[in-house]
Amino acid sequence: MRIADMNWMQVEAQVRADDRCVLPIGSVEQHAYLSLCVDKILAERVATEAAEPLGIPVFPVVPYGLASSFRDYPGTVSVRLSTYLALIEDILDSLHRGGFRRIVIVNGHGGNTPVTALISEWLDAHPGTRVKFHDWWRAPRTWAKVMEIDPAASHASWMENFPWTRLPGVSMPDDPKPRIDFDLLAQGSAADKRALLGDGNFHGLYQRPDEDMHALWAVAVEETRALLTDAWL
């Protein structure tokens with residue numbers, strides 16, 4: 001159930017019966033040979049597929065995030081931390097005003113995690129409301145499946161290469177990328193990071209068989225769906 005397919009009267013009726021909703025958040029940033037919108041695409045898709053059988057509304061994905069590390073890659077869009085936190089706070093305020101009291105934020109980008117501090121403060125100011133923050137790709141069962149398939153997995157590697165994040169006519173290198181030095185990567189500017197990363201893959205193969213990817217995706221959707229139904233305070 002996507003908000004894009006509802007009008008305000010339907011939402012009002014829905015929230016009277018069920019106060020849950022989902023907000024996907026992503027990023028527009030380099031992903032080597034994959035779409036610049038990988039994080040946006042995956043967050044929205046896993047949220048929608050997880051929520052659909054439950055009839056829980058999914059709001060449009062917040063496409064832009066905290067991607068300053070990749071600003072020297074053309075096409076990357078990054079917002080300031082202060083801007084991003086203000087945006088998420090305004091969205092949460094709007095969801096709360098609309099009657100939603102159980103909110104799941106499905107995150108598709110590791111750089112967005114500073115928002116968890118905001119959520120903690122926001123919850124203190126909104127007693128009776130619950131927010132779950134879900135990094136879908138590194139949730140316990142999903143990450144275990146990644147490790148089962150191939151432990152050499154990271155940003156812009158095979159683990160983000162789904163049929164729906166590939167670009168037509170773009171072929172992938174055959175050889176795996178050597179693991180980068182993460183300590184060095186953390187020290188430098190965006191220009192330094194581009195020099196260290198090259199094409200943008202952190203390490204590992206660029207692509208694995210679709211059978212592996214569909215198996216991983218099934219776990220991710222199921223785990224996200226369980227978050228919508230289980231363990232609400």
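The rules behind these values
- Residues numbered from 1 in each chain as written.
- Predicted model: local features only at pLDDT ≥ 70, side-chain atom pairs only at ≥ 80, totals over all residues.
- Heavy atoms only, no water.
- Helix = DSSP H or I, 4+ residues; strand = E, 2+ residues; numbered from the N terminus.
- Buried < 20%, exposed > 50% of the residue type's maximum accessible area, 1.4 Å probe, protein only.
- Polar contact = N/O pair within 3.5 Å; in protein donor to acceptor, adjacent residues only side chain to side chain.
- Contact = heavy atoms within 4.5 Å.
- Pairing = 2+ DSSP bridges.
- Right-handed = clockwise from strand over helix to strand, strands pointing away.
- Arc of directions from axis to C-beta.
- Salt bridge = Lys/Arg side-chain N within 4 Å of Asp/Glu carboxyl O.
- Axes fitted to C-alpha atoms, helices over the stretch in contact; angles between N-to-C directions.
- Parallel < 35°, antiparallel > 145°, perpendicular 65-115°, else oblique.
- Left-handed = near helix turned anticlockwise from the far one by under 90°.
- Nonpolar A, V, L, I, M, F, W, Y, C, P; charged D, E, K, R; others polar.

Q: Can you help me understand the side chain of Gln14 in this one?
A: As for its placement among the helices and strands, Gln14 is situated in helix α1 (residues 8-17). Residue classification places Gln14 among the buried positions, given a relative accessible area of 15%. In terms of polar contacts, Gln14 uses its side chain to reach the backbone carbonyl oxygen of Gly55, at 3.1 Å. Gln14 has contacts with Met1, Met6, Gly55 and Pro57, leaving out every residue within four places of it along the chain.

Q: Explanation requested: the pairing of strand β2 (residues 102-107) in the structure shown.
A: When a strand is regular, its side chains alternate between the sheet's two faces. By the criterion of burial, β2 is predominantly enclosed, with five of the six residues buried. As judged from the six bridges shared by strand β1 (residues 20-25) and β2, these two strands associate in the parallel manner. Of the residues in β2, the one forming a bridge with Ile25 is Asn107. In the sheet, β2 pairs with strand β3 (residues 130-135) via six bridges, with the strands oriented parallel. Paired with Ile103 across the two strands is Val131, which belongs to β3. Handedness of the crossover joining β2 and β3 through helix α4 (residues 115-124): right-handed.

Q: What exactly am I supposed to notice about α1 here?
A: Note that an α-helix has 3.6 residues per turn; residues three or four places apart therefore point the same way. Taken together, the buried positions of α1 are Val11, Gln14 and Val15. In a view along the axis of α1, the buried residues occupy a sector of 95°, so they form one face of it. Among the exposed residues of α1, those oriented more than 90 degrees off its buried face are Arg16 and Ala17. With a side-chain oxygen lying 3.1 Å from the backbone nitrogen of Met9, the N-terminal cap of α1 falls on Asn7.

Q: Got a minute to help me understand the pattern of salt bridges in this structure?
A: In a structure, side chains of opposite charge can pair up when their charged atoms sit close to one another. Under the defined criterion, the tally for this structure stands at 13 salt bridges. A salt bridge links Asp5 to Arg2; its shortest N-O distance comes to 2.9 Å. With relative accessibility at 52%, the residue Asp5 sits in the exposed group. Across the pair Glu148 and Lys145 runs a salt bridge whose closest N-O atoms are separated by 3.1 Å. Within this pair, Glu148 and its partner Lys145 are both found in helix α5 (residues 140-149), separated by three residues, close to a single helical turn. Connected through salt bridges with shared partners, the residues Asp18, Asp19, Arg20 and Arg102 form a single ionic network.

Q: Is there a simple way to think about the packing of helix α3 (residues 81-97) against α4 in this case?
A: Two measures define how a pair of helices packs: the angle their axes make with one another and the distance between the axes. Contact geometry for α3 and α4: axes closest at 10 Å, N-to-C directions at 40°. Put simply, α3 runs oblique to α4. Crossing handedness for the pair α3 and α4: right-handed. For the pair α3 and α4, the contacting residues are Tyr84, Leu85, Ile88, Glu89, Leu92, Asp93 and His96 in the first and Val115, Leu118, Ile119 and Trp122 in the second.

Q: Please explain the packing of α5 against helix α8 (residues 210-229) as it appears in this structure.
A: Close contact between α5 and α8 brings their axes to 8 Å; oriented N to C, the two are set at 165°. Between α5 and α8, the crossing angle belongs to the class labelled roughly antiparallel. Like other packed secondary-structure pairs, α5 and α8 cross with a definite hand, here right-handed. Of α8, the residues touching α5 (which contributes Pro140, Arg141, Thr142, Lys145, Val146 and Ile149) are Asp212, Ala215, Leu216, Val219, Ala220, Glu222 and Glu223. For the contact of α5 with α8, the residue count by class is seven nonpolar, one polar and five charged.

In short, the description is geometric, and any link to function would need to be established separately.
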